[in-house]
Amino acid sequence: MQGQRVLLRVDFNVPLSDGKIVDDSRIRAAVPTIKALLDGGASVVIMSHLGRPDGRVVDGLRLRPAAERLTQLIRVNVPTTGDALGVGTDDAVRRLRPGELLLLENVRFHAGEERNDPAFAERLASYGDVFVNDAFGAAHRAHASTVGVAAYLPSYVGLLMEQEVEALSNLLDKPARPFAAIVGGGKVSGKVAVLEALIKKVDLLILGGGVANTFLVASGRSVGKSLYESKMVDDARRILKLAQDRGVRVLLPVDGVVAKEVTRGTEFKVVSTDKLPASWHMVDLGPASITAIREALAPIKTILWNGPLGVFEIPSFAVATRELAKVAAEKADDGATVVVGGGDSIAALKQLGIAEKMTHLSTGGGASLEFLEGRDLPGLAVVPTAGSPYETLPIVYVAPVKPGSKPAPKRAPAKPKPAIKPSTLDDEGDEESGDLA
Ligand code: 3PG
Ligand code: MG
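Starting from 1, residues in each chain are numbered consecutively following that chain's sequence as written. Whichever chain is written first becomes A and whichever ligand is written first becomes 1, with later ones labelled in order. A pLDDT threshold of at least 70 governs which residues receive local features in this predicted model, and a stricter bar of 80 or more applies before side-chain atom pairs are shown or counted, although totals over entire chains, interfaces and linings include all residues. Side-chain metrics in this entry use all non-hydrogen atoms of the structure; hydrogen atoms and water are not considered.

Observations concerning the sheet that holds strand E12 (residues 268-272)
We apply this condition: Pairs of strands are assigned from DSSP output, requiring at least two bridges between the strands. Numbering of helices and strands runs from the N terminus; a helix is a DSSP stretch of H or I covering at least four residues, while a strand is a stretch of E covering at least two. Whenever a helix is involved, its axis is fitted only over the stretch in contact; in every case the axis is a line through C-alpha atoms, and angles between N-to-C directions fall within 0 to 180 degrees.
Ordered by their spatial adjacency, 3 strands build an open sheet running E12-E11-E13, and the pairing between neighbours is antiparallel. In this open sheet, the two strands that pair with only one neighbour each are E12 and strand E13 (281-285). In this sheet, neighbouring strand axes are inclined to one another by 40° on average, regardless of whether the strands run parallel or antiparallel. Sheet topology note: the strand E11 (residues 255-259)/E13 ladder contains 4 bridges and is antiparallel. Along E13, the bridge assignment pairs Val 257 with Asp 284.

What follows is the structure, given as structure tokens:
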């Protein structure tokens, strides 16, 4: 690493409220790689996206708050550039000394980022001698800064990427049994494939949130005004059948909290899911469901949890999610493997101060689900050691040579592999920021 200029992709796409970072997990998770590079004598040019500015400059989505947070965490000043590219940025990059770092402004301010435009990727690549991708949370995106730059630079994955892949692979390859998955969040769409994949792996599937509502409808119940997806009912039915055929138990809510409106301060009550009133919304699981979940989890040795059980943003409807967080912590204390993904589930654990008890907290929502589904993540696949499906694309692997810097070694042509379609990974229109997105 000594003397190398490392172009490092991280996922600093953190939740913000009034310009303040609400949860800095993703920034903390990037620290080991950043420190290792700096300690190794590299200079580090960091790239990230934040939010979805759609190719335009959005002042509220500048990366300065992330730079400030990182500065506090590593105690090294982290300057930001005003733009990911341009003369000022070229200059700032050129002046970097070993052991120094710099954060490029939000790469999604350029339309070329999400389009994976080769010219944009090449400009970014000119800022490094090597590329390190440590953005697990964005590994399901085939964008210029996650995938495109790898065509021009020798590419590696970072420590976070390694840790995520190891934790999630262990879960799929050799889970201690019985193994339970708990899936919540708003929507079934976008999760059908992962639910199908999980049914083949787990002994118990627990459903909550809007996801459970669609399954309640699929099992013949009416859910009143509750959030559910009529288009997904057939899929839910198919998944229930699959579970039945494989002897996998599916636990649906037996009671729920219903509210007049999905707002703070509204009237709410607990009812059985057999008698959900027509003009109310189910907004959380009820106490009997929580007891049932606790009992069902008693013998479980491995837990995967992704997604809140209710409308977690509203504190009165975050009860079941918080209770589940407590159960998860008890299970972890008892020696179970507990892996949690998705912003809201992790937020619940953090609010209760029990996040560290978990075996692994994934920084990826959508990325962890696509990984568990068994899909190739473009941001991983592009790294040669991981085997790249993109190597069948007509990309010329030429490292740009900068005056005064060592030319990076050319990548050896790799064996062709069947190509995957990266475009489908980007257009999922998933529920964002919330869990599973
Ligand atoms: C995420 O939070 O899901 C990742 O950072 C990717 O962001 P995106 O869903 O906007 O592509
Ligand atoms: Mg997302």
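On we go from here.
Focus on the pairing of E11
Inclusion rule: Categorising residues by exposure relies on relative accessible area from a 1.4 Å probe, with only protein chains included: less than 20% of the type maximum marks a residue as buried, more than 50% marks it as exposed, and the intermediate range marks it as partly exposed.
Burial analysis of E11 places 5 of its 5 residues in the buried class, the great majority of the element. The side-chain alternation of E11 yields two buried faces, one formed by Asp 255, Val 257 and Ala 259 and the other by Gly 256 and Val 258. Sheet topology note: the E11/E12 ladder contains 5 bridges and is antiparallel. Bridged to Val 257 within E12 is Val 270.

Points about the pairing of strand E15 (residues 337-341)
The test is simple: The path from the first strand over the helix to the second decides the hand: if it runs clockwise while the strands point away from the viewer, the crossover is right-handed.
Of all 5 residues making up E15, 4 are buried, and the element is well covered by its neighbours. Here strand E14 (residues 302-306) runs beside E15; their pairing, made up of 5 bridges, is parallel. When the bridges of E15 are listed, Trp 305 appears paired with Val 340. The handedness of the E14 to E15 crossover, carried by helix H11 (residues 319-333), is right-handed. By the bridge criterion, 3 bridges tie E15 to strand E16 (residues 360-362) in an arrangement that is parallel. Each residue of the ladder has a partner; that of Gly 341, found in E16, is Ser 362.

Quick word on the sheet that holds E15
Filter applied, for reference: The contact definition used throughout considers only heavy atoms, calling two residues in contact when any of these lie within 4.5 Å.
Across the sheet, which stays open at both edges, the 6 strands sit in the order E10-E9-E8-E14-E15-E16 with parallel pairing between neighbours. Of all strands in the sheet, those with a lone pairing partner are strand E10 (249-251) and E16, marking the two edges. With direction set aside, neighbouring strand axes in the sheet form an average angle of 15°. Summarising the sheet, strand E8 (residues 179-183) and E14 pair through 5 bridges and their orientation is parallel. Counterpart to Ile 182 in the pairing with E14 is Trp 305. Set on the sheet, helix H12 (residues 343-351) makes contact with E14, E15 and E16; between it and E15 the angle comes to about 120°.

A few points about the packing of aromatic side chains
Inclusion rule: Pairing of aromatic side chains here covers Phe, Tyr and the six-membered ring of Trp, requires ring centres within 6.5 Å, and sorts the geometry by plane angle: under 30 degrees stacked, over 60 edge-to-face, intermediate tilted. Throughout this description, the term charge over a ring refers to an Arg CZ or Lys NZ atom that lies within 6 Å of the ring centre and within 35 degrees of the ring normal.
A full pass over the atoms with the stated rule returns 1 aromatic pair. Ring geometry for Phe 268 and Phe 317: centres 5.4 Å apart, planes at 85°, overall edge-to-face. Here Phe 268 is found in strand E12, whereas its partner Phe 317 is found in the loop between E14 and H11, with 49 residues between them in sequence. A cation sits over an aromatic face here: Lys 269 above Trp 280, 4.2 Å from the ring centre.

Concerning the nonpolar core
The cut-off we apply is this: In this text, buried Ala, Val, Leu, Ile, Met, Phe, Trp, Tyr and Cys residues form a nonpolar core when linked through side-chain atoms within 4.5 Å.
Counting 79 residues, the largest nonpolar core has Leu 207, Phe 215 and Leu 297 as the members making the most contacts within it. If one sorts the elements of this core by residue count, H11 sits on top with 7 residues. When sequence neighbours within four positions are dropped, the list of residues in contact with Leu 207 reads Val 183, Leu 195, Ala 212, Phe 215, Val 250, Leu 251, Leu 252, Pro 253 and Leu 285.

Side note on unusual backbone geometry
A cis geometry characterises the amide bond from Arg 177 onward to Pro 178, with omega recorded as 0°. If you trace the backbone, Pro 178 turns up in the loop between helix H6 (159-173) and E8. In this structure, Asp 18 is a non-glycine residue whose phi angle is positive, near 50°. The residue Asp 18 is located in the loop between strand E2 (16-17) and strand E3 (20-21) in this model. For Asp 18, a relative accessible area of 78% corresponds to the exposed category. Not every positive phi belongs to a glycine, and Arg 75 is a case in point at roughly 55°. One can find Arg 75 in the loop between helix H2 (64-74) and helix H3 (87-95). Classification of Arg 75 as exposed rests on a relative accessible area of 75%.

Here's the deal with helix H5 (residues 118-125)
We count it as follows: Working note: the arc is built from the helix axis to C-beta atom directions.
Those residues of H5 that sit buried are Phe 120, Ala 121, Leu 124 and Ala 125. Seen end-on, H5 carries its buried residues on one side only, within an arc spanning 135°. Contacts from the buried residues of H5 go to strand E1 (5-9), strand E4 (43-47) and helix H4 (111-115).

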